[in-house]
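The lines below spell out each chain.
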Amino acid sequence: MIPMSKKLIAGNWKMNGTLADLLEVSAIAAAAEDAKADAVLCPPATLIDRAVSATRGTRLRIGAQDCHANTSGAHTGDISAEMLADLGAAYVILGHSERRVDHGETSRTVAAKALAARRAGLNAIICVGETEGERAGGTTLAVVEEQLRTSIPEGASAANTTVAYEPVWAIGSGRVPTNEEIAEVHAALRAALSSRFGSEATGIRLLYGGSVKPSNAGSIFSIAGVDGALVGGASLKASDFAAILSAASGT
Ligand code: 13P
């Protein structure tokens, strides 16, 4: 396996954060300056404009948590990939399990959104992951491979795609798969990406997400095939995010 040049740490603030938290965004940007890993922060849509302004000229990239598949039109409450790019966003998380559950998003919807992200010049962080029942039933690899196949459109490359393996049962639970379990899924996802996209897939980063925190980040980053992390709760505090960034810089 060809090692990635740098790890990527992406923070997902989910539905958290108000204007007062822009101080935390600036502190995360300051931490990213010294880090050897790349850093992305995905605040709620309401903060993207201000976060881009607050981090201009720094190494921290700003991303969104979802986009609509269309460019514009009669879609009340939705935001297009072009609108996000217009604000200066560089990434967009797509197909997070919370959106798959809360909004009934299917992998087919996710693929349409990924094409929209690509059209707008955004890098799509596409999430896959099994439920607790699927892991117990022994279908983890089949589930994530199917999600990967149907959520990522043709033509994926490192420039337009990042993949996040987020076991649903590990999100916000404090529970994390064993290093062997993470390595097994990442190896399967890497093999699937390579067989489908060939050399274009080489630089596509494969992140792990689910209860990543300063105390377990170093161990997770030592796992072969883990190119970074998608971090929820621990991305809300700059000190935690900074500790995860420095754990990634040492690997
Ligand atoms: P936690 O890090 O809070 O478990 O969330 C993970 C996640 O869902 C990131 O997208």
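Use the structure listed above.
We now turn to the structure provided with this report. This one's a predicted model, so the numbers in the text were calculated from it and none came from an experiment.

## Concerning the overall build of the chain
- Counting its regular elements, the chain contains 10 helices and eight strands.
- The globule rule puts the C-alpha radius of gyration for 251 residues at 18 Å, and the 17 Å found for the chain is close to it.
- For the chain, the spread of C-alpha atoms along the principal axes amounts to about 45 × 45 × 35 Å.
- For the chain, the proportion of contacts with a sequence separation of at least 24, taken over those separated by at least 6, is 73%.
- Here the chain displays about 10,600 Å² of accessible surface, and carbon together with sulfur accounts for 54% of that area.
- Here the chain contributes 22 positive and 26 negative side-chain charges, whose respective centroids are spaced 3 Å apart.

## Some words on helix α7 (residues 140-151)
- In this model, α7 (12 residues) spans 16 Å end to end at C-alpha, consistent with the 16 Å of a helix rising 1.5 Å per residue.
- In this structure, the buried residues of α7 make contact with α4 (97-102), α5 (107-119), β5 (123-128), α6 (132-136), β6 (161-165) and α8 (179-197).

## Some remarks on the site of the ligand
- Every one of the 13 residues lining the ligand counts as a neighbour, but K14, H96, G172, S211 and G233 are closest to it.
- Protein coverage of the free-state accessible area of the ligand, which is 300 Å², stands at 94%.
- Split by residue class, the shell around the ligand holds four nonpolar, seven polar and two charged.

## Concerning the sheet that holds strand β2 (residues 38-42)
- Spatially, β1-β2-β3-β4-β5-β6-β7-β8 is the arrangement adopted by the eight strands of the closed barrel, whose pairing is parallel. Going across the sheet, the axis of each strand differs from the next one's by a mean of 25°, ignoring polarity.
- In this sheet, strand β3 (residues 60-64) lies alongside β2 in parallel orientation, the contact comprising three bridges. Residue pairing for β3: L41 is matched across the bridge by I62.
- Contacts from α8 reach β5, β6 and β7 (206-209), with the element oriented near 150° to β7.
- Against the sheet, helix α10 (residues 238-249) touches β1 (8-12), β2 and β8 (228-231), its axis set at about 160° to β1.

## Side note on helix α1 (residues 22-34)
- Of all the residues in α1, the buried ones are L22, V25, I28, A29 and A32. Each buried residue of α1 sits inside an arc of 110° when the element is viewed along its axis, so together they form one side. α1 presents L23 and D34 as exposed residues on the side facing more than 90 degrees away from its buried surface.

## Some remarks on the pattern of salt bridges
- As enumerated under the stated definition, the model contains 16 salt bridges in all.
- Notably, a salt bridge pairs R59 with D38, separated by 3.0 Å at the nearest N-O pair. Taken as a pair, R59 in the loop between α2 (45-55) and β3 and D38 in strand β2 lie far apart in primary sequence, 21 residues in all.
- A salt bridge links D227 to R190; its shortest N-O distance comes to 3.1 Å. Of this pair, D227 sits in the loop between α9 (214-221) and β8 while R190 is found in helix α8, placing the two residues 37 residues apart along the sequence.
- A relative accessible area of 8% means that D227 is categorised as buried.
- We classify R190 as buried; its relative accessible area is 9%.

## Observations concerning the packing of α1 against α10
- Look at α1 against α10: their axes get within 9 Å of each other, and the N-to-C directions meet at 20°. By the criterion of interaxial angle, the relationship of α1 to α10 is roughly parallel. In terms of crossing hand, the pair formed by α1 and α10 is right-handed. In this structure, α1 uses E24, A27, I28, A31 and A32 to contact α10, whose residues at the interface are A238, F241, A242 and L245.
- Taken together, the residues that form the contact of α1 with α10 break down as eight nonpolar, no polar and one charged.

Calculation criteria
- Residues numbered from 1 in each chain as written.
- Predicted model: local features only at pLDDT ≥ 70, side-chain atom pairs only at ≥ 80, totals over all residues.
- Heavy atoms only, no water.
- Helix = DSSP H or I, 4+ residues; strand = E, 2+ residues; numbered from the N terminus.
- Rg over C-alpha atoms; globule rule 2.2 N^0.38 Å.
- Contact = heavy atoms within 4.5 Å.
- Areas by Shrake-Rupley, 256 points an atom, 1.4 Å probe, with all protein chains shown as cover.
- Lys, Arg positive; Asp, Glu negative; His and termini not counted.
- Charge placed at Lys NZ, Arg CZ, Asp CG, Glu CD.
- Expected span 1.5 Å × (residues − 1).
- Near = heavy atom within 4 Å.
- Nonpolar A, V, L, I, M, F, W, Y, C, P; charged D, E, K, R; others polar.
- Pairing = 2+ DSSP bridges.
- Axes fitted to C-alpha atoms, helices over the stretch in contact; angles between N-to-C directions.
- Buried < 20%, exposed > 50% of the residue type's maximum accessible area, 1.4 Å probe, protein only.
- Arc of directions from axis to C-beta.
- Salt bridge = Lys/Arg side-chain N within 4 Å of Asp/Glu carboxyl O.
- Parallel < 35°, antiparallel > 145°, perpendicular 65-115°, else oblique.
- Left-handed = near helix turned anticlockwise from the far one by under 90°.

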